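# What the coordinates show
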Amino acid sequence: MVISPPERATFQPLKLEGPHNFPNRRFRSWNFQPMASSPVAGKTMRAVQYGGYGGGFAALKHVEVPIPSPKKDEVLLKLEAASINPVDWKIQKGAIRPFLPAKFPFIPVSDVAGEVTDVGSAVKDFKAGDKVVSMLSFKNGGGLAEYAVASLNLTVHRPPEVSAADGSGLPVAASTALQALKSGGAKFDGTGKPLNVLITAASGGVGSYAVQLAKLIDLHVTATCGARNIELMKSLGADEVLDYKSSDGAKLNSPSGKKYDAVIDCTVGIDWSTFEPNLSDNGKVIYVTPSPSSFLNSVIKKLTFAKKKIVPLIAAPNKEELEFLVGLVKEGKLKTVVDSKYPLSKAEEAWAKSIDGHATGKIIVEI
Ligand SMILES: NC(=O)c1ccc[n+]([C@@H]2O[C@H](COP(=O)([O-])OP(=O)(O)OC[C@H]3O[C@@H](n4cnc5c(N)ncnc54)[C@H](OP(=O)(O)O)[C@@H]3O)[C@@H](O)[C@H]2O)c1
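The structure displayed is predicted, hence computed values, not measured ones. (Residues numbered from 1 in each chain as written. Predicted model: local features only at pLDDT ≥ 70, side-chain atom pairs only at ≥ 80, totals over all residues.)

## Digging into the overall build of the chain
Each helix and strand counted, the chain has 10 helices and 16 strands in total. Put simply, the chain has 367 residues, and 44% of those count as buried. Of all intrachain contacts in the chain linking residues separated by at least 6 positions in sequence, the fraction that spans at least 24 positions is 69%. (Helix = DSSP H or I, 4+ residues; strand = E, 2+ residues; numbered from the N terminus. Buried ≥ 20, exposed ≤ 12 C-beta atoms within 10 Å, placed from the backbone. Contact = placed C-beta atoms within 7 Å.)

As structure tokens, this is what we get:
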């Protein structure tokens, strides 16, 4: 499928004649008062939003909206970079309707890096000028904009060694990779056993972090990717690489005949029957995109005391792990593989690229 994003973005001023025109829920309050002390109180910002379910990249509109104001336990960020995850456009498609988005119009994207410009009254750990990485809530979104409010519980300091683009890649994708490996039995405190792991779609956002994290604790990694990314996988440390379009790759057979103690499945649609013969006696498959049947089958395997297990994963990023991941990037032990970078004015091209499903690493929007 050829996707042709519009060549030029146009900015449409948003009419501000009543509280219901504001895109962010907090602006609907009749009590809304811009913080008198805020350096940006009463000003507007550029943002990209959509007004309903569906429509893909063509439904993204460039608008001018009020800069949000932080609540007492939030920080206001001047955004420098945001990274797109498949969940962002899956929410637009209606995959989590009617729960998300909470309200239209909606400014999408959760994973951001930027600089603190204002803090709520209860904030002690951050001050204006601090550089941070943050995960915004899926409910409120806000990443495709010049400013966003972030809660403290998913905002961490970003040292100078971590660029905004690299930091913005981390929250969803690297946290998911870390939690998937932990679900597969990996330990990051030095107490773990050697494991053979298979990481499918290792060239994607989640997979490219998972390969590096697994090698950091010396697991044996077999990675699957397309032929064009085989050398990249080796450079990230993968011990064996399978081209997923080859016949051995389709069967997921380890070239050295190893059985997998854990599979971190970052693809969509590989059947249990393909994984099962490749698993060790107590092997587990961690489905990063769990289907309803994977939830059912995981329960059946528990009830029947099956040795080989299914783990449907819904990652829940947390501050401690985000700090750990930022620290690894600072120390040069983890890197964000960047597929491509787009300015905010071309955010719809970044969106289309993610929907296309062939990114190598992370797609970044620079703001
Ligand atoms: N459960 C959670 O909490 C959670 C969190 C994050 C992500 N996810 C989900 O996890 C999935 C992966 O996310 P992502 O950000 O890594 O996606 P992504 O970056 O868009 O993945 C794209 C990559 O996957 C590769 N790929 C696609 N099908 C493949 C296959 N059958 N075998 C090997 N490689 C394949 C593509 O390679 P080619 O270009 O060579 O085809 C491309 O490099 C998505 O469905 C996402 O929604 C879930």
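Next comes the rest of the write-up.
## Some words on the nonpolar core
Within the largest apolar cluster, 100 residues are counted, with the highest numbers of intra-cluster contacts made by Ile199, Ala210 and Ile264. Top element by residues in this core is helix α3 (residues 170–183). It accounts for 8 residues. Beyond its immediate chain neighbours, meaning those up to four positions away, alanine 210 contacts Ala177, Ala180, Leu181, Ile199, Ala202 and Ile264. (Core = buried A, V, L, I, M, F, W, Y, C linked by C-beta atoms within 7 Å.)

## Regarding the packing of α3 against helix α9 (residues 319–330)
Direction vectors running N to C along α3 and α9 enclose 95°, while the axes themselves pass 10 Å from each other. Taken together, the axes of α3 and α9 are roughly perpendicular relative to one another. For the pair α3 and α9, contact is made by Leu170, Pro171, Ala174, Ser175 and Leu178 and by Glu321, Leu322, Leu325 and Val326, respectively. Class assignment of the residues belonging to the contact of α3 with α9 gives a composition of 7 nonpolar, 1 polar and 1 charged. (Axes fitted to C-alpha atoms, helices over the stretch in contact; angles between N-to-C directions. Parallel < 35°, antiparallel > 145°, perpendicular 65-115°, else oblique. Nonpolar A, V, L, I, M, F, W, Y, C, P; charged D, E, K, R; others polar.)

## Focus on the site of the ligand
Surrounding the ligand, one finds 30 residues, the nearest of these being Gly204, Gly205, Gly226, Tyr244 and His358. Broken down by secondary-structure element, the contributors of at least two residues to the shell around the ligand are α1 (86–93), α3, α4 (205–216) and β10 (220–225). In the shell around the ligand, the residues fall into 15 nonpolar, 15 polar and no charged. Residue contributions to the shell around the ligand reach at least three from each of two domains, namely domain 1 (11–169 + 336–366) and domain 2 (173–312). (Near = placed C-beta within 6 Å. Domains from an automatic or database assignment.)

## What about the pairing of strand β6 (residues 131–135)?
A regular strand places its side chains on the two faces of the sheet in alternate fashion. Across the 5 residues of β6, 4 count as buried, placing the element largely inside the fold. Pairing analysis gives 5 bridges linking strand β5 (residues 111–119) to β6, with the strands arranged antiparallel. By the bridge assignment, aspartate 111 is partnered in β6 with methionine 135. Sheet topology note: the β6/strand β8 (residues 155–157) ladder contains 3 bridges and is antiparallel. Paired with valine 133 across the two strands is valine 156, which belongs to β8. (Pairing = 2+ DSSP bridges.)

## What about the packing of α3 against α4?
The interhelical angle for the contact between α3 and α4, taken along N-to-C directions, is 50°, at an axis separation of 8 Å. On the basis of their axis angle, the class for α3 and α4 is oblique. α4 is crossed by α3, and the crossing has right-handed handedness. Residue-level inspection shows Ala173, Ala174, Thr176, Ala177, Leu178, Ala180 and Leu181 of α3 in contact with α4, the latter providing Gly205, Val206, Tyr209, Ala210, Leu213 and Ala214. Taken together, the residues that form the contact of α3 with α4 break down as 11 nonpolar, 2 polar and no charged. (Left-handed = near helix turned anticlockwise from the far one by under 90°.)

## Quick notes on helix α8 (residues 292–303)
Between its terminal C-alpha atoms α8 stretches 17 Å, which fits the 16 Å expected from 12 residues at 1.5 Å a residue. Little of α8 sits inside the fold, with 0 of its 12 residues counted as buried. Backbone geometry just downstream of α8 places phenylalanine 305 in the positive-phi region, at approximately 55°. (Expected span 1.5 Å × (residues − 1).)

## A look at the confidence of the model for the chain
Mean pLDDT for the chain: 91, with 90% of residues reaching 70 or above. Model confidence for the chain, summarised as mean pLDDT per element, is weakest for strand β1 (residues 11–13) at 39 and strongest for strand β16 (residues 362–366) at 99. Confidence over residues 1–36 falls short of pLDDT 50; this stretch has 53 contacts with residues more than four positions distant or in other chains. (pLDDT = per-residue confidence, 0-100.)

## A word on the sheet that holds strand β11 (residues 240–243)
Pairing between sheet strands relies on hydrogen bonds along the backbone, with the strands arranged either parallel or antiparallel. Reading across the sheet, the 6 strands line up as β11-β10-β9-β12-β13-β14 and stay open at both edges, with parallel pairing between neighbours. In this open sheet, the two strands that pair with only one neighbour each are β11 and β14 (309–312). When the angles between neighbouring strand axes are averaged without regard to direction, this sheet yields 15°. The strands touched by α4 within the sheet are β9 (196–200), β10 and β12 (260–265), with β9 carrying the most contacts at an inclination of about 165°.

## Structural notes on unusual backbone geometry
Across the junction of arginine 97 and proline 98, the peptide omega takes the value 10°, indicating a cis bond. Tracing the sequence through the fold places proline 98 in the loop between α1 and β5. Looking along the chain, the bond that leaves phenylalanine 104 and enters proline 105 is cis, with omega of -10°. Here proline 105 is to be found in the loop between α1 and β5.

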